[in-house]
Amino acid sequence: MTADGLPVRVPAEGLPARVRIYEVGARDGLQNEKGTVPTEVKAEFVRRLAGAGLPAVEATSFVHPKWVPQLADAEQLFPMVSDLPVELPVLVPNERGLDRALALGARTVALFASATESFARANLNRTVAESLAMFEPVAARAKAEGLRVRAYVSMVFGDPWEGPVAVPQAVDVCRALLGMGADELSLGDTIGVATAGHVAAVLTALKEAGVATGAIGVHFHDTYGQALANTLVALQHGVTTVDASAGGLGGCPYAKSATGNLATEDLVWMLQGLGIETGVDLGRLTATSVWMAEQLGRPSPSRTVRALSHQEQ
Ligand code: HMG
Ligand code: MG
């Protein structure tokens, strides 16, 4: 470790020079909190994340407020942060969600599909085919309005109800989303069961299906401590967009076994050690997660946040 508390930079062969970290703490993290976080605190969280140098900070969801009451304040929150000079994506499941996002001037929307029928039903009240049909007009209208469209695919590596997920099944959903105009995919290991070889197999299959690596992002959960290993494999396959959640906040309200997302600080620590540029100030980011942990009344689960802030275990 260097005197300023950062890892020593030792670059490795075959990795990208720069990674775009896509921050999901304010959405994927806070949607899973038992209590509702005050809107002002959420806005401050988003502002601090942007201030720490994160280029994309997912702000909230325009979903049905009964389904995710934690984010029911999207209309109040978004205008409080929309002046920030960073990408502020918002989740939209359908045209009603897109209308709400457009009315507030959102520039990037994220659809969220599932590789499995069980999670499509639990999360969207639809079959996989019905949910893709619901997304199609959303993607078309969003593109026509000049918006950037991201498309999550959840349960790519395993599903709590169905068990293992066949690689071609996940690839089919990815191709359908790109076919309707999505600019970027985010491959979700929603319950954190992926291991390194599985990640390589999915990325190889996508490449063989003609999907450009530049259109692929990865979204790992750290349930079994594999998120960083999986990320490194993705980087070795040329992926340069990695989702992470400040302080390791999050899970998913409609997937019981989903635990925390990969912590952004843990990711930044690894990338800095590898000499990969992110634009993120690790000190400011850690201070943000310590502040957020105080708001939530419990310590951050991120190992890096704990190590750098000397939080009690
Ligand atoms: P539904 O009940 O089938 O809705 O839910 P519907 O289409 O039948 O409409 C019923 C009523 O809801 C209508 O009102 C609509 O207008 C209203 P009524 O006519 O009865 O008065 N409605 C809405 N209101 C506000 N905003 C909307 C909206 N849509 C309909 N957007 C629906 C279908 C998709 C709406 C619902 O299932 C839903 O909101 N689901 C969202 C669940 C969610 O956000 N889950 C968490 C995010 S995904 C995730 O966490 C995974 C991810 O993080 C990656 C990973 O970790 O793997 C992305
Ligand atoms: Mg997640």
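Preceding this paragraph is the structure being described.
The notes below deal with the structure included here. Sequence order as written defines the numbering, with residues in each chain counted from 1. The lettering of chains begins at A and the numbering of ligands begins at 1, in the order of writing. Where local features are concerned, this predicted model is filtered to residues with pLDDT of at least 70; where side-chain atom pairs are given and counted, the filter is 80 or more; whole-chain, interface and lining totals use all residues. Values shown for side chains rest on all heavy atoms present in the structure; no hydrogens or waters enter the calculation.

1. Details of the packing of helix α9 (residues 227–236) against helix α10 (residues 264–273)
Each axis is a line fitted through C-alpha atoms, taken for helices only over the stretch in contact, and angles between the N-to-C directions span 0 to 180 degrees. In this description a helix means any DSSP run of H or I spanning at least four residues, a strand means any run of E spanning at least two, and both kinds are numbered starting from the N terminus. Between α9 and α10, whose axes approach to 11 Å, the crossing angle comes to 50 degrees. Put simply, α9 runs oblique to α10. In this structure, α9 meets α10 at a crossing whose hand is right-handed. Of the residues in α10, those in contact with Leu228, Thr231, Leu232 and Leu235 of α9 are Asp266, Leu267, Met270 and Leu271. For this classification, the nonpolar set comprises Ala, Val, Leu, Ile, Met, Phe, Trp, Tyr, Cys and Pro, the charged set comprises Asp, Glu, Lys and Arg, and every other residue, Gly included, is treated as polar. For the contact of α9 with α10, the per-class residue count stands at six nonpolar, one polar and one charged. Note on terminology: angles under 35 degrees are roughly parallel, angles over 145 are roughly antiparallel, angles of 65 to 115 are roughly perpendicular, and the others are oblique. For a crossing to be left-handed, the near helix must be turned anticlockwise from the far one by less than a right angle; the clockwise case is right-handed. Any two residues whose heavy atoms approach within 4.5 Å are treated as being in contact.

2. Things to note about the packing of aromatic side chains
Side-chain rings of Phe, Tyr and Trp, where Trp is taken by its six-membered ring, are said to pair if the distance between their centres is within 6.5 Å; with planes under 30 degrees apart they count as stacked, over 60 as edge-to-face, and otherwise as tilted. Summed over the entire model, instances satisfying the criterion amount to two aromatic pairs. Between Phe119 and Trp161 the ring centres are 6.4 Å apart and the planes differ by 25 degrees, which places this aromatic pair in the stacked class. Here Phe119 is found in helix α5 (residues 117–124), whereas its partner Trp161 is found in the loop between β6 (148–154) and α7 (167–179), with 42 residues between them in sequence. Between buried and exposed lies partly exposed: a residue is buried under 20% and exposed over 50% of the maximum accessible area for its type, with that area taken using a 1.4 Å probe on protein chains only. On the basis of relative accessible area, Trp161 is assigned to the partly exposed category, the value being 47%. Geometrically, the ring pair formed by Phe157 and Phe220 is tilted, given 6.2 Å between the ring centres and 45 degrees between the ring planes. Placement of the pair is Phe157 in the loop between β6 and α7 and Phe220 in strand β8 (residues 216–220), with a sequence separation of 63 residues. When sorted by exposure, Phe157 lands in the same class as Phe220, which is buried. Over a ring means this: the NZ of a Lys or the CZ of an Arg is within 6 Å of the ring centre and within 35 degrees of the ring normal. Over the ring of Tyr152 we find Arg150, and its NZ or CZ is 5.0 Å from the ring centre.

3. Some points on the packing of helix α2 (residues 39–51) against helix α11 (residues 282–296)
At a minimum axis separation of 9 Å, α2 and α11 run at an interaxial angle of 165 degrees. Considered as vectors, α2 and α11 are oriented roughly antiparallel to each other. Here α2 runs over α11; the crossing is left-handed. Each of Val41, Glu44, Phe45, Arg48, Leu49 and Gly51 in α2 lies in contact with α11, whose residues at this interface are Arg284, Leu285, Thr288, Trp291, Met292 and Gln295. Residues of the contact of α2 with α11, tallied by class, amount to six nonpolar, three polar and three charged.

4. Here's the deal with helix α8 (residues 196–208)
Take the residue count of a helix, subtract one, and multiply by 1.5 Å to get its expected span. End to end, α8 covers 18 Å across 13 residues, agreeing with the expected 18 Å (1.5 Å per residue, within 8%). For α8, the complete set of buried residues consists of Val199, Ala200, Val202, Leu203, Ala205 and Leu206. Those residues of α8 that are buried are in contact with α7, β7 (184–189), β8 and α9. A positive phi of about 90 degrees marks Gly210, the residue just after α8.

5. Regarding the pairing of strand β1 (residues 20–23)
With burial as the criterion, each face of β1 is covered, one bearing Arg20 and Tyr22 and the other bearing Ile21 and Glu23. Examined bridge by bridge, β1 and strand β9 (residues 241–244) share four bridges and lie parallel to one another. Its bridge partner lying in β9, Glu23 is registered against Ala244. Pairing between strands is defined by DSSP: at least two bridges between the two strands are required. Both β1 and strand β2 (residues 56–57) contribute to a ladder of two bridges, which runs parallel. Along β2, the bridge assignment pairs Tyr22 with Ala56.

6. Notes on the coordination of the magnesium ion (ligand 2)
Looking at the magnesium ion (ligand 2), the protein donor atoms are Asp28 (OD), His219 (NE2), His221 (NE2) and Asn261 (OD1), and they sit 2.0 to 2.3 Å from it. We call an atom a donor if it is N, O or S and sits within 2.8 Å of the metal, or 3.2 Å for Na, K and Ca. Water is not counted, so some sites may look partial. Mapped onto the sequence, the residues coordinating the magnesium ion (ligand 2) show the spacing D-x190-H-x1-H-x39-N. In this pair, His219 is assigned in strand β8 and Asn261 in the loop between β9 and α10, connecting sequence segments 42 residues apart. According to the relative accessible area criterion, Asn261 is buried, its value standing at 3%.

7. Looking at the sheet that holds strand β3 (residues 60–61)
Taken in spatial order, the nine strands of this open sheet run β2-β1-β9-β8-β7-β6-β5-β4-β3, and their pairing is parallel. Edge positions in the sheet fall to β2 and β3, since each has one partner strand and no second. Sitting on the sheet, helix α6 (residues 128–144) is in contact with β5 (108–114) and β6, with an inclination near 165 degrees to β5.

8. Describing the site of ligand 1
The immediate surroundings of ligand 1 are formed by 28 residues, with His64, Asn94, Asn123, Arg126 and Thr190 found nearest. A distance of 2.9 Å separates an oxygen atom of ligand 1 from a polar atom in the side chain of Asn125. Within the contact set of ligand 1, an oxygen atom lies 2.7 Å away from a side-chain nitrogen or oxygen of Arg126. Note on areas: these come from Shrake-Rupley sampling with a 1.4 Å probe, and a residue is covered only by the protein chains present in the view. Alone, ligand 1 offers 1100 Å² of accessible surface; in the complex the protein occludes 75% of this. Of all the elements in the fold, those that place two or more residues in the shell around ligand 1 are α1 (25–29), α4 (95–103), α5 and β6. Looking at which element gives the most residues to the shell around ligand 1, the answer is α4, with three residues. Classifying every residue of the shell around ligand 1 by side-chain character gives twelve nonpolar, eleven polar and five charged. Whether a residue is near a molecule or strand is decided by its heavy atoms; if any one of them lies within 4 Å of it, the residue is near. Polar contacts, as used here, are pairs of N or O atoms within 3.5 Å; protein pairs need one atom able to donate a hydrogen and one able to accept it. Residues neighboring in sequence count only if both atoms are side-chain atoms.

The values are spatial; any link to function lies outside them.
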